Amino acid sequence: MDKSITPKNPPLIFMEMVYKMRIKDVMTTPPVTVTRRQTIRDAKNIMKEKQITGMPVAENNRLFGVISMDDIIQALELNQLDDPVEKHMVTNVVVLEQDMPVSMGISYFGKYNFRRFPVLDHNNILVGIITSRDINTSLLQELLKEINKLEDNSELQPDQMSLTKKYNTNKYDFEHAGRAANDIKKFMKSKHRNPKNIRRVAVAAYELEMNQVVHSDGGTIRFILTSEKVEIIADDVGPGIDNLEEALVEGFSTANEWIRSLGFGAGMGLVNVQRVADEFDIKSSKENGTTVHAVINLF
Amino acid sequence: MRINDIQKKIDAEVIFKATDADDININNVTVSDLMSDVLVVDEPELLIVSSLATDQVLRTADIVCASCVVIVNEKNLNQQMIERAEEFDITLLRTPHTTFKTCAKLNELMSE
């Protein structure tokens, strides 16, 4: 199997990303280094402590070589742990320049059999070190950002696509509560959905969000949007509802005075969700918390 | 009712003025400090009167597409409320009057 990072026909977004991002954006800086005169034993201890498998040999930011775990194992086999590093380091080092695009780094990892490359600036001063892990992590983060942007801009096509959005809630976090509802409203509005349906989705979302903030130890609100319906799944981590029948009675609430002073606990939450939803289902247990599933048809 | 007239009638301070504030004609008023009660209201050109001075009033107002929020009793409004009013582009007014007096004055204005 081809294990190179770059696919055969990479999408344009990916190509733009690897050319736009620079080595200096993804490298680890400053690098952990060792001097020529330190012993192999010192190098081994530094690597152990920093949990790395290799490092540049440098003095005053000037690069002399690279010492890796392989070199240390060889020295160990020869019982030469007290030798200076310079005796075992690799000196024909391949380096990257900090202003090169990340694409260059990717091709270097494919071309050479090194697991890390020292990074120099234009004055040949050692400024960092780069591993394929640095590249992978940064690329993944950038890709996630791009995917998020794409999701926000994507048009929903009948039966072709569904879109999921997920929000977290925390106990008594009234400052951020309601964000999911306001966001989903804004999103559906941007897709020119029927205002009545937008409102139904937003009301259900808001009440479910508030229920989690007021009554649960935190949870998630997920939206699955298709061209035909919006599903809202509210999942919390507990502690579960003692009496489900009571909880579904208009005006029933276990909220205390403090919660009521904040404008919640009218005992209308689940009732309001039921009122606006075409399908409504609630499950609750002490072990698994509460899950509410509400569907709003868009026709 | 025009928002300008409402502001004068209830001696309100304009905390934030929405971009469409001058074009809106308020036809419906709801009064509550419990947000679930507000979420039941499905009326256009809505004004919400509340003594609850938290950003949840603005979040709720956004969900029911209200045009204006009036906070009574000259309550202190925190920065988040103002930010939410700006974010959702909803006019936010603050009046020194009580809920009862505010409603009585609004009723007068509506009957004119």
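Parameters at a glance
- Residues numbered from 1 in each chain as written.
- Chains lettered and ligands numbered in written order.
- Predicted model: local features only at pLDDT ≥ 70, side-chain atom pairs only at ≥ 80, totals over all residues.
- Heavy atoms only, no water.
- Buried < 20%, exposed > 50% of the residue type's maximum accessible area, 1.4 Å probe, protein only.
- Helix = DSSP H or I, 4+ residues; strand = E, 2+ residues; numbered from the N terminus.
- Pairing = 2+ DSSP bridges.
- Polar contact = N/O pair within 3.5 Å; in protein donor to acceptor, adjacent residues only side chain to side chain.
- Axes fitted to C-alpha atoms, helices over the stretch in contact; angles between N-to-C directions.
- Contact = heavy atoms within 4.5 Å.
- Phe/Tyr/Trp six-rings, centres within 6.5 Å; stacked < 30°, edge-to-face > 60°.
- Lys NZ or Arg CZ within 6 Å of the ring centre and 35° of its normal.
- Salt bridge = Lys/Arg side-chain N within 4 Å of Asp/Glu carboxyl O.
- Core = buried A, V, L, I, M, F, W, Y, C linked by side-chain atoms within 4.5 Å.
- Parallel < 35°, antiparallel > 145°, perpendicular 65-115°, else oblique.
- Left-handed = near helix turned anticlockwise from the far one by under 90°.
- Buried area = accessible area lost by both parts, 1.4 Å probe.

Asker: I tried to follow the pairing of strand 2 (residues 62-68) of chain A on my own but got confused; where do I start?
Answerer: In regular strands, side chains alternate between the two faces of the sheet. Residues and elements named next belong to chain A. Extensive coverage of strand 2 is indicated by the burial of 6 of its 7 residues. Where strand 1 (residues 54-59) and strand 2 come together, 6 bridges link them in antiparallel fashion. Bridged to glutamate 59 within strand 2 is arginine 62. Linking two consecutive strands that pair antiparallel, namely strand 1 and strand 2, is a turn of 2 residues; a positive phi of about 50° is found at asparagine 60 within it.

Asker: So what exactly am I meant to see when it comes to the side chain of Thr91(B) here?
Answerer: Residues and elements named next belong to chain B. Within the element layout of this structure, threonine 91 appears in strand 5 (residues 91-94). Judged by relative accessible area, threonine 91 falls into the buried class, the value being 1%. Looking at threonine 91, its side chain comes within polar contact range of the main-chain nitrogen of alanine 18, at 3.1 Å.

Asker: Please clarify how the sheet that holds strand 10 (residues 289-297) of chain A should be interpreted in this entry.
Answerer: The strands that make up a sheet pair up through hydrogen bonds in the backbone, lying either parallel or antiparallel. Residues and elements named next belong to chain A. With antiparallel pairing, the 5 strands of this open sheet are ordered in space as 6-7-8-10-9. Edge positions in the sheet fall to strand 6 (163-169) and strand 9 (279-285), since each has one partner strand and no second. Across the sheet, the axes of successive neighbouring strands diverge by a mean angle of 10°, strand direction being ignored. Judged from the 7 bridges that link them, strand 8 (residues 229-236) and strand 10 form a sheet pairing that is antiparallel. Bridge assignment links glutamate 231 to a residue of strand 10, and that residue is valine 295. Packing against the sheet, helix 8 (residues 195-215) makes contact with strand 6, strand 7 (219-225), strand 8 and strand 10, and its axis sits at approximately 5° to strand 8. In the packing of helix 11 (residues 269-276) onto the sheet, the strands contacted are strand 9 and strand 10, and the crossing angle to strand 9 comes to about 150°.

Asker: Help me understand the packing of aromatic side chains, please; the structure alone is not making it clear to me.
Answerer: The geometry of an aromatic ring pair is captured by two quantities: the separation of the ring centres and the angle between the planes. All names here are of chain A. For the coordinates displayed, the defined rule picks out 10 aromatic pairs over all chains. Each ring, one from tyrosine 112 and one from phenylalanine 114, has its centre 6.5 Å from the other, and the planes form 25°; the classification is stacked. Judged by its relative accessible area of 33%, phenylalanine 114 falls in the partly exposed class. An angle of 85° between the planes, with centres 6.1 Å apart, marks the rings of phenylalanine 114 and phenylalanine 117 as edge-to-face. Clustering of aromatic rings is evident, with ring pairs tying together Tyr108, Phe109, Tyr112, Phe114 and Phe117. Over the ring of phenylalanine 64 we find arginine 36, and its NZ or CZ is 3.7 Å from the ring centre. For the cation-ring pair, lysine 165 lies above phenylalanine 187, with the distance from its terminal atom to the ring centre recorded as 4.6 Å.

Asker: Can you walk me through the pattern of salt bridges in this structure?
Answerer: Tallied over the entire structure, the rule returns 21 salt bridges over all chains. Note that Asp99(A) and Lys24(A) form a salt bridge whose closest N and O atoms lie 2.8 Å from each other. Of this pair, Asp99(A) sits in the loop between strand 3 (96-97) and helix 5 (102-111) while Lys24(A) sits in helix 2 (residues 23-26), and the two are 75 residues apart along the sequence. On the accessibility criterion, Lys24(A) (39% relative accessible area) is partly exposed. For Glu87(B), the salt bridge is made with Arg84(B), and the minimal N-O distance between the two is 2.8 Å.

Asker: Is there a simple way to explain the nonpolar core in this structure?
Answerer: For soluble globular proteins, the rule of thumb is that nonpolar side chains tend to be buried together. Counting residues in hydrophobic clusters, the biggest one holds 64 residues, and the most contacted among them are Phe223(A), Ile232(A), Phe264(A) and Val69(B). Per-element tally for this core: the top contributor is helix 8 of chain A, with 11 residues. Dropping the residues within four chain positions of it, Phe223(A) is found in contact with Leu163(A), Thr164(A), Lys165(A), Tyr167(A), Ala180(A), Ile184(A), Val201(A), Ala205(A), Val230(A), Glu231(A) and Ile232(A). Counting 20 residues, the second-largest nonpolar core is a separate cluster that includes Val26(A), Tyr108(A), Phe109(A) and Ile135(A).

Asker: Can you walk me through the packing of helix 3 (residues 55-63) of chain B against helix 4 (residues 79-88) of chain B in this structure?
Answerer: All names here are of chain B. Here helix 3 crosses helix 4 at 15°, and the two axes come no closer than 8 Å. The angle between helix 3 and helix 4 places the two elements in the roughly parallel class. Crossing of helix 3 over helix 4 shows right-handed handedness. Of the residues in helix 4, those touching helix 3 at Asp55, Leu58, Arg59 and Asp62 are Gln80, Met81, Arg84, Ala85 and Phe88.

Asker: Looking at this model, I keep getting lost on the interface of chain B and chain A. Mind explaining?
Answerer: Often, the extent of an interface is quoted as the loss of accessible area on bringing the components together. Between chain B and chain A, the contact holds 21 residues from the first and 26 residues from the second. In this assembly, chain B packs against chain A so that about 1900 Å² is buried in total across both faces, 49% of it on carbon and sulfur atoms. By the criterion of area lost to chain A, the three top residues of chain B are Leu39(B), Gln56(B) and Ile63(B), representing 30% of everything that side buries. Applying the counting rule to chain B against chain A returns 3 salt bridges. Breaking the side of chain B that touches chain A down by element, the ones donating at least two residues are helix 2 (35-39), helix 3 and helix 4 of chain B. For the side of chain B that touches chain A, the element with the highest residue contribution is helix 3 of chain B, accounting for 6 residues.

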